[in-house]
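Structural overview
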Amino acid sequence: MHRTLRELALSYFNGYCNLRRERTLRRFSAPVNLKRFDRQQWMITDKPVWFIVYHLFDINHFPLLTPAQEKRLHRVDERLFQAECWGRSVK
C-alpha cells in the first residue's frame, strides 16, 4: 500500500496535533525490531519500559517536511480536532 516509510508516516500526518491544533508530526525513523529488547522482558514486565523510549530518542530520524512546508501548515480545523479528541479528556 505504501511504497516507502515516508509515505507510511505521512498517512498519519493529519492525526498528529497538539491542543493548540498545530500539526506536530515532523520526523520518522527506520523500523525498530523490538526483539532487541526481549532480554529485558519488555512484553511482560510491570516496570516502565523507558529503555525503548531512550532507544527511539537515540536512533536517526528523517524529516517529513521541508522548513518551507512547515511554515505553510494550517492549524487543524474544528471537526478534525474534535474527531481526534474523541474519547479523550480535553481541557
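The following paragraphs examine the structure supplied in this document. (Residues numbered from 1 in each chain as written. Predicted model: local features only at pLDDT ≥ 70, side-chain atom pairs only at ≥ 80, totals over all residues. Heavy atoms only, no water.)

1. What to know about the state of the cysteines
Filter applied, for reference: Working definition: a disulfide is two cysteine sulfur atoms within 2.5 Å of each other. Three labels apply to residues, based on accessible area from a 1.4 Å probe with only protein chains included: buried if under 20% of the type maximum, exposed if over 50%, partly exposed otherwise in between.
The full count for this structure, using the stated rule, is zero disulfides. Considering cysteine sulfurs only, Cys 85 is the nearest to Cys 17, which forms no disulfide, with 6.1 Å between them. Residue Cys 85 is classed as buried on the basis of its relative accessible area, which comes to 9%.

2. Digging into the nonpolar core
Considering soluble globular proteins, one finds that nonpolar side chains tend to be buried as a cluster. Selection rule: Nonpolar core, defined: a set of buried Ala, Val, Leu, Ile, Met, Phe, Trp, Tyr and Cys residues in which side-chain atoms within 4.5 Å join the residues together. The contact criterion used throughout is that any non-hydrogen atoms of two residues lie within 4.5 Å.
Counting residues in each nonpolar core, the largest one holds six residues, listed as Ala 9, Phe 13, Leu 25, Phe 28, Leu 64 and Leu 65. Every residue in contact with Phe 13, bar those within four places of it in the chain, is listed here: Arg 23, Leu 25, Arg 26, Leu 65 and Leu 73.

3. Observations concerning the packing of aromatic side chains
The line we're drawing: Any pair of Phe, Tyr and Trp rings, taking the six-membered ring for Trp, is counted once the centres come within 6.5 Å. Such a pair is stacked with planes under 30 degrees apart, edge-to-face with planes over 60 apart, and tilted for the rest. Numbering of helices and strands runs from the N terminus, with a helix taken as a DSSP run of H or I at least four residues long and a strand as a DSSP run of E at least two residues long. Sitting over a ring, as applied to charges here, requires NZ of Lys or CZ of Arg to be within 6 Å of the ring centre and within 35 degrees of the ring normal.
One pass over the structure, following the stated rule, counts three aromatic pairs. Seen in terms of ring centroids, Phe 28 and Phe 62 are 5.5 Å apart; in terms of plane orientation they differ by 45°. Their pairing is tilted. Taken together, the positions of Phe 28 in strand 1 (residues 27-29) and Phe 62 in strand 2 (residues 61-63) put the pair 34 residues apart, joining distant regions of the chain. Against the face of Phe 37 rests Arg 36, its NZ or CZ located 5.8 Å from the ring centre.

4. Focus: unusual backbone geometry
One non-glycine residue, Arg 21, lies in positive phi territory at about 65°. Inspection of the secondary structure puts Arg 21 in the loop between helix 1 (5-10) and strand 1. Here the phi dihedral of Gln 41 falls at roughly 50°; this positive angle occurs in a residue that is not glycine. In this structure, Gln 41 sits in the loop between strand 1 and helix 2 (50-58).

5. Notes on a nonpolar patch on the surface
Which entries qualify depends on this criterion: Patch members must show over 30% relative accessible area and no salt bridge, and they are joined within 9 Å when carrying like charges or within 5 Å when they are nonpolar side chains of Val, Leu, Ile, Met, Phe, Trp or Tyr. To measure how exposed things are, a 1.4 Å probe is used in the Shrake-Rupley method; for residues, cover is taken only from the protein chains shown. We count a salt bridge whenever a side-chain nitrogen from Lys or Arg sits within 4 Å of a carboxyl oxygen from Asp or Glu.
On the surface, a nonpolar cluster with roughly 380 Å² of combined accessible area is contributed by Leu 5, Leu 8, Tyr 12 and Tyr 16. You can see Tyr 16 is positioned in the loop between helix 1 and strand 1. Relative accessible area serves as the criterion here: at 40%, Tyr 16 is assigned to the partly exposed category.

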